[in-house]
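Residues per chain, in single letters:
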Amino acid sequence: MTTYRTLLADRRTRRLLTGLGASALGDGISTVTIAWLAISIAPADQVGLLVGLALAAYTLPGAIGAIAFASLLRGRSPRALVLIHCLLRTSFLGLIAVLSLAGSLTPSAYVALLAGSSLMSAWGNAGEYTLLSELGGPAGRLAVNSLASAQVSFAVIVGPSLAGLLLTRIDPGWLLAADAASFAFLGLQAWRTPTHSTTTDQPVDTRGAESGFRLLRRSDLLGLIVVTWLFFFLYGPVEVALPVYVAHDLDADAGLLGVYWTSFGIGALAATVITGTLRARKLRRVTLLIVVGWGACLLPFAFAPVGVTLVCFAVGGLIYGPFIPLTYALFQSATTTANLPSVLAARSALLIVSTPLGTVVGGPIVESIGAAETLTASGIATVVLAAGASILWPRNSPAGS
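In this report, the structure presented in the accompanying data block is examined. Keep in mind that what you see is a predicted model, and the values were worked out from it rather than measured. (Residues numbered from 1 in each chain as written. Predicted model: local features only at pLDDT ≥ 70, side-chain atom pairs only at ≥ 80, totals over all residues. Heavy atoms only, no water.)

### Re the nonpolar core
Cut-off, in case you're wondering: Among the buried residues, those of types Ala, Val, Leu, Ile, Met, Phe, Trp, Tyr and Cys that are joined through side-chain atoms within 4.5 Å form a nonpolar core. Only protein chains enter the area calculation, which uses a 1.4 Å probe; residues under 20% of their type maximum are buried, those over 50% are exposed, and those in between are partly exposed. Elements are defined by DSSP. Helices are runs of H or I of four residues or more, strands are runs of E of two residues or more, and each kind is numbered from the N terminus. By definition in these notes, contact holds between two residues if any of their heavy atoms fall within 4.5 Å.
Tyr 110 and Phe 313 are the most contacted members of the largest nonpolar core, which totals 78 residues. For this core, the element with the most residues is helix α11 (residues 219-249), which contributes 13 residues. Not counting residues up to four positions away in its chain, the partners in contact with Tyr 110 are Thr 33, Ile 34, Leu 37, Ala 38, Ile 41, Ala 54, Ile 96, Leu 105 and Leu 176.

Encoded structure:
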């Protein structure tokens, strides 16, 4: 608590955290809004496809930008990286809002503008965490990261429910305008937060990643990365199918979609808080239980009533929440301190595309078999993944312990 009080007593830290909190809330609102706007402008026979493309476009191009702009942006200050990212988000999301409110937004323009807004997302994230690292210093780095993460978790709870409530009353364009404004506010706060850094590393260190890929060929690490990649990939269709399930299968409004994501966020936040109480052993077994548990929570969507699926989604959030910190712990226990940065760089390069690719694939699947059936199919595939991993993922190794 002393560290938290020290951090929050610093004006620069308060400014940056306030900006990050605002943009996190904007993104939380957009979790529902982007999908709902896609549903409203999509041709009747392409709803699932457009939802998948829109959600992927909001994140996937960041992986392209991380590589394409490396030579141009390497050496820029972290504050400049945040400002460029905020400029793109504000401009493109603002244009989407204007076109939506004018009734002139086409599906192709929507996907293209979302993609343009996300090109700098990896660099912007690198700039944000570089600024946080310097503001926190060696002693306060973990605490300031925790404060930023807590804001994101809170936004996942509040943002979707707020969007669901407002979308029953106003055009989605107004909510995307609010998201654009939140990034403008973050840019302003970052601009007002001077630091001593003048350069930043690439968000994905290509040299480190090259050696990291060689290390990932170890059977234990390869098994872990494959399980993680497939788990995230199989989660991707859920982001496409859930809004279509609410809008078409249940014939409900965006408020119910917000309730689903809010229940998930509450469960995930609670689980994240208690994750630190777990013992640092048998993490492989716990990880596989998380995979099979999340898959099981998706199975009822094809046949159960709304009340049951809401409870299942909340329990799913409770189960899903610890997955990321636990898998990080597995990487940390399986590699030396000297090798860890290159392994994590390779991990980031591989995993950044998994969920967006899952959303892209999820669109045609929803069109083919239906939203509820897609959710259940994702659950079945996830349970099968856990069963296969329990056999193929080595047990007698640091990452398999």
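After presenting the structure, the write-up continues.
### Notes on unusual backbone geometry
Most of the time, phi is negative for any residue but glycine, and the peptide bond is trans. In this structure, Asp 251 is a non-glycine residue whose phi angle is positive, near 55°. As for its placement among the helices and strands, Asp 251 is situated in the loop between α11 and α12 (254-275). On the basis of relative accessible area, Asp 251 is assigned to the exposed category, the value being 67%.

### Structural notes on the packing of aromatic side chains
This is how it is decided: Aromatic rings from Phe, Tyr and Trp, with only the six-membered ring used for Trp, were paired whenever their centres fell within 6.5 Å, and each pair was classed as stacked if the ring planes differed by under 30 degrees, edge-to-face if by over 60, and tilted otherwise.
Tallying each qualifying case throughout the model produces 17 aromatic pairs. A centroid spacing of 5.3 Å and a plane angle of 40° characterise the contact between Tyr 235 and Tyr 320, whose relative ring orientation is tilted. Of this pair, Tyr 235 sits in helix α11 while Tyr 320 is found in helix α14 (residues 306-320), placing the two residues 85 residues apart along the sequence. The exposure class of Tyr 235 is buried, given its relative accessible area of 8%. Residue classification places Tyr 320 among the buried residues on the basis of a relative accessible area of 11%.

### Points about a nonpolar patch on the surface
How we decide: For patches, a residue must show more than 30% relative accessible area and have no salt bridge; joins then use 9 Å for like charges and 5 Å for nonpolar side chains, namely Val, Leu, Ile, Met, Phe, Trp and Tyr. Accessible surface area values rest on a Shrake-Rupley calculation with a 1.4 Å probe, where residue burial reflects the displayed protein chains alone. By definition, a salt bridge exists where a carboxyl oxygen of Asp or Glu is found within 4 Å of a side-chain nitrogen of Lys or Arg.
There is a patch of nonpolar side chains on the surface, built from Leu 101, Ile 170 and Trp 174 and spanning about 280 Å² of accessible area. As for its position among the elements, Trp 174 is in helix α9 (residues 172-191).

### A few points about α14
We apply this condition: To estimate how far a helix should extend, the number of its residues minus one is multiplied by 1.5 Å. Read the arc as the range of directions from the helix axis to the C-beta atoms.
With 15 residues, α14 extends 20 Å between its outermost C-alpha atoms, agreeing within 8% with the 21 Å of an ideal straight helix rising 1.5 Å per residue. Within the sequence span of α14, burial applies to Thr 309, Leu 310, Cys 312, Phe 313, Gly 316, Gly 317 and Tyr 320. Seen from one end, α14 has its buried residues packed into an arc of 165°, which puts them on one side.

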